[in-house]
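Structure at a glance
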Amino acid sequence: MMFKIFPAIFVVFILALLPVQAVLACKCASGETEQSLYIKADYVAHVKITVAEIRDASELENADSDIIDMANGEYVRVSFEEKEVFKGKKFSPNFLKELPFTNGNCMLGLRPGWEYVIFLNKESNGLVFACSGSFSFYNTTDASTKIQQLRE
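Every chain is numbered independently, its residues counted from 1 as its sequence is written. Only residues with pLDDT of at least 70 get local features here, since the model is predicted, and only at 80 or more are side-chain atom pairs given and counted; chain-wide, interface and lining totals rely on the full set of residues. The side-chain values count all of the structure's non-hydrogen atoms but skip hydrogen atoms and water molecules.

Concerning the overall build of the protein chain
- When its secondary structure is counted, the protein chain shows four helices and five strands.
- Seen in sequence order, the protein chain has helices and strands lined up from the N terminus as α-α-β-α-β-β-β-β-α.
- With a 1.4 Å probe rolled over the protein chains alone, any residue whose accessible area is under 20% of its type maximum counts as buried; one over 50% counts as exposed, and the rest are partly exposed. A buried classification covers 32% of the 152 residues belonging to the protein chain.
- Two residues qualify as a contact provided that any one of their heavy atoms is within 4.5 Å of a heavy atom in the partner residue. Expressed as a percentage of contacts within the protein chain between residues at least 6 apart in sequence, the contacts between residues at least 24 apart total 65%.
- Surface accessibility of the protein chain: about 10100 Å² in total, with carbon and sulfur atoms responsible for 57%. The secondary structure listing takes helices from DSSP runs of H or I that are at least 4 residues long and strands from runs of E that are at least 2 residues long, numbered from the N terminus. Residue burial considers only the protein chains on display, and all accessible areas are found by Shrake-Rupley using a 1.4 Å probe.

Okay, structure coming up:
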C-alpha cells in the first residue's frame, strides 16, 4: 500500500517546488462597440507591415512613464504601407509600436507581410493594441465584412 502512495506524494512534492508565475490575459473594457471604437479613433487604416524590429524603450518619445515601465526595456517598432485610409490623414504615424514583452497588453503581434486594420488615437503615440478595435486579417474570419463596413 505504501508503495502505491509514494509516487503520488513524490509528484505532488515536485509540483509544489515548481515556480508559480501570474499570467495576466488580455482584458478589454466592456461595453465598447466597433462603432464607438471607430468614433474614438483619430486614424483608421488598412495597412501591410513591411518591417518589424526590436528597439530600446528609451526611444519611446512622448510616452508616459507607465508605458515605458510596461515595455520592460524593449518594444517593437513597425514600418508599414498604407493600403487604404478610412479615417484621418494618410501616413499619420511614422511607425507603429507594440509592447510584446508585457503580460496582459492585448497586442496584435504585428508581423511583416501580414495585413491589419489599425485604430489609433492621438494619445496612443502609435502604440497598437487589440482593444482599440485594431484587428488582423489572419485572425479574423469576417475581415472582408468589417472592411466593407468601414468603407460605408
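Here's the deal with the packing of aromatic side chains
- Within 6.5 Å between ring centres, the rings of Phe, Tyr and Trp (the latter by its six-membered ring) count as paired, and their orientation is classed by plane angle as stacked under 30 degrees, edge-to-face over 60, tilted in between. Per the counting criterion, the structure on display carries one aromatic pair.
- Residues Y38 and F119 carry aromatic rings whose centres are separated by 6.4 Å and whose planes lie at 80° to one another, so their mutual orientation is edge-to-face. With Y38 in helix α2 (residues 34–40) and F119 in strand β4 (residues 115–120), this pair connects stretches of sequence that are 81 residues apart.
- Its guanidinium or amino end placed over the ring of W114, R111 lies 4.9 Å from that ring's centre, counting from NZ or CZ. Lysine NZ or arginine CZ positioned within 6 Å of the ring centre and within 35 degrees of the ring normal marks a charge as sitting over the ring.

Quick look at the sheet that holds strand β2 (residues 74–87)
- Two strands qualify as a pair provided that DSSP identifies no fewer than 2 bridges between them. Reading across from one edge, β3-β2-β1-β4-β5 is the order of the five strands in this open sheet, with antiparallel pairing throughout. Where the open sheet ends on each side, the last strands, each with one partner, are β3 (96–98) and β5 (135–136).
- With three bridges joining them, β2 and β3 adopt antiparallel strand pairing. Along β3, the bridge assignment pairs R77 with K97.
- Angles here are taken between N-to-C directions and fall from 0 to 180 degrees, while the axes themselves are lines fitted to C-alpha atoms, restricted in helices to the stretch in contact. The strands touched by helix α4 (residues 143–151) within the sheet are β1 (43–56), β2, β4 and β5, with β2 carrying the most contacts at an inclination of about 60°.

Focus: the nonpolar core
- V47, I49, L96, L110, Y116, I118 and V128 are the most contacted members of the largest nonpolar core, which has 14 residues in total.
- In this structure, L110 is in contact with I49, A52, V78, L96, E98, Y116, I118 and V128, ignoring residues within four places of it in sequence. In this text, buried Ala, Val, Leu, Ile, Met, Phe, Trp, Tyr and Cys residues form a nonpolar core when linked through side-chain atoms within 4.5 Å.

A look at α4
- Turning to α4, its buried residues number three or more, namely A143, K146, I147 and L150. Buried positions in α4, seen along its axis, are confined to an arc of 100° and lie on one side of it.
- Check the buried side of α4 and you find it contacts α2, β1, β2, β4 and β5. By definition, the arc is the one covered by directions from the helix axis to the C-beta atoms.

Side note on the pairing of β2
- By the bridge criterion, twelve bridges tie β1 to β2 in an arrangement that is antiparallel. Each residue of the ladder has a partner; that of E53, found in β2, is R77.

A closer look at the environment of I147
- Take I147: it is sitting in helix α4.
- For I147, a relative accessible area of 5% translates into the label buried.
- Residues I147 and H46 lie 101 residues apart in sequence; the distance between their C-alpha atoms is 8.3 Å.
- Those residues in contact with I147, other than ones at most four positions away along the chain, are H46, F86, V117 and F137.

A closer look at the environment of K40
- Along the polypeptide, K40 turns up in helix α2.
- Among all residues touching K40, those that are not within four sequence positions of it are E32 and N121.
- Identification of polar contacts relies on pairs of N or O atoms within 3.5 Å, with a donor-acceptor requirement for protein atoms, meaning one able to donate a hydrogen and the other able to accept it, and with residues adjacent in sequence counted only if both atoms are side-chain atoms. Within the local environment of K40, its side chain forms a polar contact with the side chain of E32, the two groups lying 2.4 Å apart.

Things to note about the confidence of the model for the protein chain
- Counting all residues, the mean pLDDT for the protein chain is 77, and 68% of those residues have values of 70 or more.
- The weakest mean pLDDT in the protein chain belongs to helix α1 (residues 2–17) at 55; the strongest belongs to β4 at 92. You can read pLDDT as the predictor saying how much it trusts each residue, on a scale of 0 to 100.

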